[in-house]
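# Secondary and tertiary structure notes
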Amino acid sequence: MRSEEGGKPDAAVVRDALGVGVAVGLSGFAFGVTSAGSGLSLLQTCALSLLVFTGASQFALVGALAAGGNPLTAAAGAFFLGVRNAFYGLRLSQLLALPRAVRPFAAQWVIDETTAVALAQPTRRSVRIGFTVTGLSLYLLWNLTTLLGAAGAEAIGDTDAWGLDAAGPAVFLALLAPMLKTTTERTVAGIAVLLGLGLLPVLPAGVPVLVAALAAPAVLYVTGRRRAVAAPGAVGDGPDATPEAATEEPSAAARDDGPGAPAHENDGPVDMSGGDR
């Protein structure tokens, strides 16, 4: 079944959304093990996944605690890292156009993966399907694997050996890469990656991601400056042409010159009795 005219089939949207939900949901194992290793109880670990439900912030919190950081500082870093979801919500609120009663519940699922899947859809129906299926499958699986990871932390062992901590970022990058179509978008992504990876060894967990976000305004500023410098010479026939010169009204003599010049409004009476309107 095709969702709308020119849209993707519903089955294809569901398949893609489930693929993202399952792949990223497995990362909950890594979070459960990491959280238990940082000293949080099973109840605290599960509460984080149920109530916070944003993997980067959760990992930043437990990572800071495991490193001996102050709980308030760790919570503040996780909070600021999760602020990006508010900006996602501004865009998704327009695309989803959900009833007011549903929006508070949908806000819990506004994360990187649901946003990426939703933005990749061509119609509102497919946006809603992609967002709902991704959010539901990821929320259920993330919380289930968090529980299993925290309960069996000792049996699972080192999460780095399993590679579960890389599943979420890998899926998100796979979704993001096809959307980088312009030079500006690729430049922002490249600088953000360099900032994030370069600052990772020297800054606390979660902070490199915030610094990497500065790549967007920096690139946009440089691009805007280049356009402003190039704008004066972009209009007109010569190298010294300016917008004012290009839009200057021709002289009266030039308008009246020649046998084909149009009649002016004061050349004679105008027939208002009929004609085409």
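Presented here is an overview of the structure given in this document. (Residues numbered from 1 in each chain as written. Predicted model: local features only at pLDDT ≥ 70, side-chain atom pairs only at ≥ 80, totals over all residues. Heavy atoms only, no water.)

Further remarks concern the pattern of salt bridges. Counted by the stated rule, this structure contains four salt bridges. Put simply, D16 and K8 hold a salt bridge, and the shortest N to O gap is 3.1 Å. Taking the relative accessible area as the measure of exposure, D16 reaches 33% and is therefore partly exposed. With a shortest N-O distance of 3.9 Å, R15 and D16 are connected by a salt bridge. Residue R15 is classed as exposed on the basis of its relative accessible area, which comes to 56%. Connected through shared salt-bridge partners, K8, R15 and D16 make up one network. (Salt bridge = Lys/Arg side-chain N within 4 Å of Asp/Glu carboxyl O. Buried < 20%, exposed > 50% of the residue type's maximum accessible area, 1.4 Å probe, protein only.)

What follows concerns the environment of I129. Structurally, the position occupied by I129 is in helix α9 (residues 124-151). Residue classification places I129 among the buried residues on the basis of a relative accessible area of 19%. Taking the C-alpha atoms as reference, I129 lies 6.9 Å from V13; in sequence the two are 116 residues apart. Among all residues touching I129, those that are not within four sequence positions of it are D10, V13 and V14. (Helix = DSSP H or I, 4+ residues; strand = E, 2+ residues; numbered from the N terminus. Contact = heavy atoms within 4.5 Å.)

We now examine the environment of C46. For C46, the position within the fold is in helix α3 (residues 42-52). Taking the relative accessible area as the measure of exposure, C46 reaches 15% and is therefore buried. Along the chain, C46 and L147 lie 101 residues apart, while their C-alpha atoms are 6.1 Å from each other. Residue contacts for C46: discarding those within four places in its chain leaves N143, T146 and L147.

Right, let's get into the side chain of T115. Looking at the element boundaries, T115 is found in helix α8 (residues 112-119). Dropping the residues within four chain positions of it, T115 is found in contact with Y88, L92 and V110.

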